[in-house]
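# Close look at the chain arrangement
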Amino acid sequence: MAGALKPVDVSTKRQRIAELARKSPEMGFTSLAHHIDVAWLHQAYQRTRKDGAPGVDGQTGEDYAANLMGNLRLLLDRAKSGTYVAPPVRRTYIPKAGSATETRPLGIPTFEDKVLQRAVVMVLEAIYEQDFLDCSYGFRPGRSAHQALDAIWRQAMDMRGGWILDVDIRKFFDTIDHGHLREFLKRRVRDGVLLRLIGKWLNAGVVEDGCVTHPESGSPQGGVVSPLLANLFLHYVLDEWFEREVKPRLRGRAFLVRYADDFVMGFTHGSDARRVLEVLPKRFAKYGLTVHPDKTRLVPFERPDRAAREVGSGEQAPGTFDFLGFTHFWSRSLRGNPVVKRRTARSRLSRGLAAIAEWCRQNRHLPLEEQHHTLSQKLRGHFAYYGITGNSTALSLFRRLATHIWRRWLSRQRRDGAMTWTDFARLLERYPLPPPIPIHSTYRRAASS
């Protein structure tokens, strides 16, 4: 069996699928399921998180591993024969990005379902990574949020200002139309086994408060296959449409940067931006999607020198927009040149500090060594994402306020009253918190290259 589980065998199969998809961009694949064997499932298992929350059956990754090869063989037989039953996902709620009060639903599949979904994603990725455009960055291999941020910065700088269309799709994952999704899938995937499995996942249902519901639309966030299906849906509804139909009709230059269902569009001409803003809701409505009227904004994004002239003529001053946790705005470099800068969005700063305060409240009785270790990890995690060029002020502010929060909760557990700043300074000498280093600094990259 060891020879059948060589990762190179699976990798070679995926490369062959990808090469065929690249050479035949209009071809529909009728035979794909035969690539999925025990070795393929084993690699899917290896790529699946073992410490995630269990689904409705309560089975953990450790439980599944107790009879791993037997479970994988049985899973393969059920998937190929059509007897596999997709269990409903367990619904939970997590904080919504950018909001201290709102939450978004998360669907948690069973561990075995995650493995099978991962196996199918490994097939679909080999095909669709040849089709997806450069403008999309979310949940794609080798792509990241920071690459999306760099793409916006580079293109906004190249355009030397203009207009930004900041779009919000209302409840995207809950409103994906299953009929349109199946139609999009069949353009490239016509294998009956894979289409049946995807159909079962779409119709599996959701368990909440002991009740099972079966939504007629949507793809639960949290499922392994959901991000790829979301990218597939928006590839046809938005990305291809914008590239092939919209851009050729515009007066000036334009760009699109999308991360999952979050995206912004940039335009050199305000008239182009207003035309797209007018037609975009109609385009989305055709496929069952809705542009949020209150959260979608058209932002003037001119350089400071141009904005001064515009304001003088009665126009609106240059604006800002938030994307992927950062506020983007025009400013000036140390040399006085116009430049696009990014800082941590106020809502993300507040949410991060609230999480620090809540952790300190719940763990203030732990030994100092443990508190220091975990707080240091949290700060490093914050710096690892928000540590970009030009954001040092916000990083330092986060560290300073987090330090004050720690002192406040340490003071509350002292019997002799509040901890003085002198005492706290001595404590920090022994337990220093990590400095706010910009991990993604362009200067650091240049120095190391």
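Above this text you will find the structure in question.
Each value, and the rule that gives it
- Residues numbered from 1 in each chain as written.
- Predicted model: local features only at pLDDT ≥ 70, side-chain atom pairs only at ≥ 80, totals over all residues.
- Heavy atoms only, no water.
- Axes fitted to C-alpha atoms, helices over the stretch in contact; angles between N-to-C directions.
- Helix = DSSP H or I, 4+ residues; strand = E, 2+ residues; numbered from the N terminus.
- Left-handed = near helix turned anticlockwise from the far one by under 90°.
- Contact = heavy atoms within 4.5 Å.
- Salt bridge = Lys/Arg side-chain N within 4 Å of Asp/Glu carboxyl O.
- Buried < 20%, exposed > 50% of the residue type's maximum accessible area, 1.4 Å probe, protein only.
- Pairing = 2+ DSSP bridges.
- Expected span 1.5 Å × (residues − 1).
- Arc of directions from axis to C-beta.
- Phe/Tyr/Trp six-rings, centres within 6.5 Å; stacked < 30°, edge-to-face > 60°.

### As for the packing of helix α4 (residues 68-81) against helix α5 (residues 111-128)
Interaxial distance between α4 and α5 falls to 11 Å at its minimum, and their mutual angle equals 65°. Helix-helix and strand crossings are classified by hand; for α4 and α5 the assignment is right-handed. Within the contact between the two elements, α4 uses N71, L72, L75, R78 and A79 and α5 uses E112, V115 and L116.

### Here we look at the pattern of salt bridges
Per the stated rule, a full pass over the model turns up 17 salt bridges. The partner of E125 in a salt bridge is R14, and the shortest N-O contact between them spans 3.1 Å. Within this pair, whereas E125 is found in helix α5, its partner R14 is found in helix α1 (residues 7-23), the two being separated by 111 residues in sequence. You can call E125 buried: its relative accessible area is 15%. Note that R91 and E208 form a salt bridge whose closest N and O atoms lie 3.9 Å from each other. Of this pair, R91 sits in strand β1 (residues 89-95) while E208 sits in strand β4 (residues 206-208), and the two are 117 residues apart along the sequence. When salt bridges that share partners are traced, they join E19, R22 and K23 into one network.

### Here we look at the sheet that holds strand β10 (residues 326-332)
Ordered in space as β9-β10-β11, the three strands form an open sheet in which the pairing is antiparallel. The open sheet has two edge strands with one neighbour each: β9 (321-323) and β11 (338-344). Averaged over all pairs of adjacent strands, the angle between their axes in this sheet comes to 40°, without regard to strand direction. Pairing analysis gives seven bridges linking β10 to β11, with the strands arranged antiparallel. Residue H328 lies in a different strand from β11, and its bridge partner there is R342.

### Examining α4
Taking 1.5 Å as the rise per residue, α4 with 14 residues should run 20 Å; its terminal C-alpha atoms sit 20 Å apart, in good agreement. Every buried residue belonging to α4 is among L68, N71, L72, L75, L76 and A79, and all of these are buried. Axial view of α4: buried residues confined to an arc of 135°, hence all on one face. Where α4 terminates, the next one or two residues include G82, which has phi positive at roughly 90°.

### Brief notes about the sheet that holds strand β8 (residues 297-301)
Across the sheet, four strands lie side by side as β6-β7-β3-β8; this open sheet has antiparallel pairing. For this open sheet the edge positions go to β6 (254-259) and β8, each flanked by a neighbour on one side alone. On average, each strand axis in the sheet is inclined to that of its neighbour by 20°, with strand direction left out of account. Looking at chain direction, strand β3 (residues 162-167) and β8 are connected through five bridges and run antiparallel. Residue pairing in the sheet places D166 in a bridge with R297 of β8.

### Description of the side chain of E112
Note that E112 resides in helix α5. If near-sequence neighbours (up to four positions away) are discounted, E112 is found in contact with Y64, N71, L75, R78 and Y84.

### A short note on the packing of aromatic side chains
Applying the stated criterion to the full structure yields 18 aromatic pairs. Aromatic pair Y64 and F111: ring centres 5.4 Å apart, planes at 55°, arrangement tilted. Here the residue Y64 occupies a position in helix α3 (residues 61-65), and F111 occupies one in helix α5, the gap between them amounting to 47 residues. Each of the two residues, Y64 as well as F111, counts as buried. Centre to centre, the rings of F263 and F284 are 6.2 Å apart; their planes meet at 70°, and the pair counts as edge-to-face. Of this pair, F263 sits in strand β7 (residues 262-267) while F284 sits in helix α11 (residues 270-285); the two residues are 21 residues apart in sequence, bridging distant segments of the chain. With respect to class, F263 is no different from F284; both count as buried. Among the aromatic side chains, those forming a connected cluster through ring pairs are F172, F173, F184, F233, Y236 and Y287.

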